[in-house]
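Spelled out from the first residue to the last, the chains are:
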Amino acid sequence: MRAGFPDFRLGNVLATSFTGTLSERFGDSVERIPVPRRLIDWLAVYGLAVDSCTPEQLDLARQLRESIHAAATAAALSETLPAAAVQIIDDRSVEGRAAAILTPEGERRWRLDSASVEDALGVIAADAVDVISGERDGKLALCASATCRAAFFDTSQSRTRKWCDMNTCGNRQKKARFNAGRGRGEGPR
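Analysis parameters
- Residues numbered from 1 in each chain as written.
- Predicted model: local features only at pLDDT ≥ 70, side-chain atom pairs only at ≥ 80, totals over all residues.
- Heavy atoms only, no water.
- Helix = DSSP H or I, 4+ residues; strand = E, 2+ residues; numbered from the N terminus.
- Contact = heavy atoms within 4.5 Å.
- Areas by Shrake-Rupley, 256 points an atom, 1.4 Å probe, with all protein chains shown as cover.
- Core = buried A, V, L, I, M, F, W, Y, C linked by side-chain atoms within 4.5 Å.
- Buried < 20%, exposed > 50% of the residue type's maximum accessible area, 1.4 Å probe, protein only.
- 1 Å grid on protein atoms, 1.4 Å probe; cavity = no way out; pocket = protein on both sides within 12 Å on 5 of 7 lines; lining within 4 Å.
- Points joined across faces, edges and corners; volume = space filled by probe spheres on them.
- Nonpolar A, V, L, I, M, F, W, Y, C, P; charged D, E, K, R; others polar.
- Axes fitted to C-alpha atoms, helices over the stretch in contact; angles between N-to-C directions.
- Parallel < 35°, antiparallel > 145°, perpendicular 65-115°, else oblique.
- Left-handed = near helix turned anticlockwise from the far one by under 90°.
- Phe/Tyr/Trp six-rings, centres within 6.5 Å; stacked < 30°, edge-to-face > 60°.

Under an unreviewed UniProt entry, the chain has the name CGNR zinc finger domain-containing protein and belongs to Streptomyces parvus.

Shown next, in the form of structure tokens:
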């Protein structure tokens, strides 16, 4: 990615990957879209190319991101969804103009009506509606890392995944357990 910015943490589910643009929410948080240009970069990775992004549009994106995270967290915990978060998700979904298209390779892509951030956010919001409402085969879960607690969509066969990403949070937790065991003289198992 671009020099001077933290790498994106990419996943297979658009909405929960978008919430991952702010990571380590309960530790030393890492903002992965600190400037409008980084939002343009992130959207492009997911096939949602936009022409430009203003600071106001970045604020809209962050507002949507936090609303998705709040609603996904509530859903993962089987709690009532926060009304304000649901309203923001719904508003972004309704205001975006995009169409799903089929590529010759048989893949779904999005065609944004005006290549605007608002249209891209509409796609993300619509994806969040599908995920949070249970329309997809999988389960919303929260990362077991106390500093992360990212919402992720578990599509594993057993639906028992613990970490948002095994390469970051999972490895960090395994390493901490290993080092704690070594401190007690237990060594590797």
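K.L.:
Requested: an account of the overall build of the chain, with residues and values cited.
P.N.:
Helix and strand counts for the chain stand at six helices and six strands. Moving toward the C terminus, one meets the helices and strands of the chain in the order α-β-β-α-α-α-β-β-α-β-β-α. Partitioning the contacts of the chain with sequence separation of at least 6, the portion at a separation of at least 24 is 54%. Counting every atom, the chain has about 10300 Å² of accessible surface; 50% of that belongs to carbon and sulfur.

K.L.:
Summarise the nonpolar core; cite the residues concerned and give the values.
P.N.:
Residues F18, L39 and I124 are the most contacted members of the largest nonpolar core, which totals 35 residues. When residues of this core are traced back to their parent elements, those giving at least two are α1 (14-19), α2 (36-45), α3 (55-76), α4 (83-95), α5 (117-133), β5 (139-142) and β6 (151-154). Of all the elements, α5 adds the most residues to this core, at nine residues. For F18, the contacting residues outside a window of four places in its chain are L39, W42, A61, L64, R65, I68, L121 and I124.

K.L.:
Break down the layout of surface pockets for me, citing the residues and quoting the values.
P.N.:
Volume-wise, the largest pocket comes out at about 440 Å³. Listed by contribution, the elements that provide at least two residues to the lining of the largest pocket are α1, β1 (22-23) and β6. In this structure, the second largest pocket spans a volume of roughly 230 Å³. With three residues, strand β4 (residues 108-112) is the single largest residue contributor to the lining of the second largest pocket. By residue class, the composition of the lining of the second largest pocket is four nonpolar, two polar and four charged.

K.L.:
Explain the environment of C143 residue by residue, including any values.
P.N.:
Its location among the elements puts C143 in the loop between β5 and β6. Judged by its relative accessible area of 0%, C143 falls in the buried class. Sequence-wise, C143 and C164 are 21 residues apart; in three dimensions their C-alpha atoms are separated by 5.0 Å. With sequence-adjacent residues up to four places away left out, C143 is seen in contact with C148, R149, A150, F152, K162, W163, C164 and C169.

K.L.:
Tell me about the packing of α3 against α4, and please be specific about residues and values.
P.N.:
Packing of α3 against α4 brings their axes to within 8 Å, and their N-to-C directions diverge by 125°. Relative to α4, the element α3 is oriented oblique. Both α3 and α4 take part in a crossing whose hand is left-handed. Residues L60, Q63, L64, S67, I68, A70 and A71 of α3 lie in contact with α4, whose contacting residues are A85, I88, I89 and R92. For the contact of α3 with α4, the class distribution of residues is eight nonpolar, two polar and one charged.

K.L.:
Can you lay out the packing of aromatic side chains for me, pointing to particular residues and giving the numbers?
P.N.:
Per the stated rule, a full pass over the model turns up two aromatic pairs. Taken together, the ring pairs connect F18, W42 and Y46 into an aromatic cluster.

K.L.:
Quick rundown of the packing of α4 against α5? Include the residues and the values.
P.N.:
Direction vectors running N to C along α4 and α5 enclose 130°, while the axes themselves pass 7 Å from each other. Here α5 runs oblique to α4, going by the angle between their axes. Relative to α5, α4 is oriented so that their crossing is left-handed. Where α4 abuts α5, its residues I89, D90, R92, S93 and E95 lie against D119, L121, G122, A125, A126, A128, V129 and I132. Considered class by class, the residues forming the contact of α4 with α5 number seven nonpolar, two polar and four charged.

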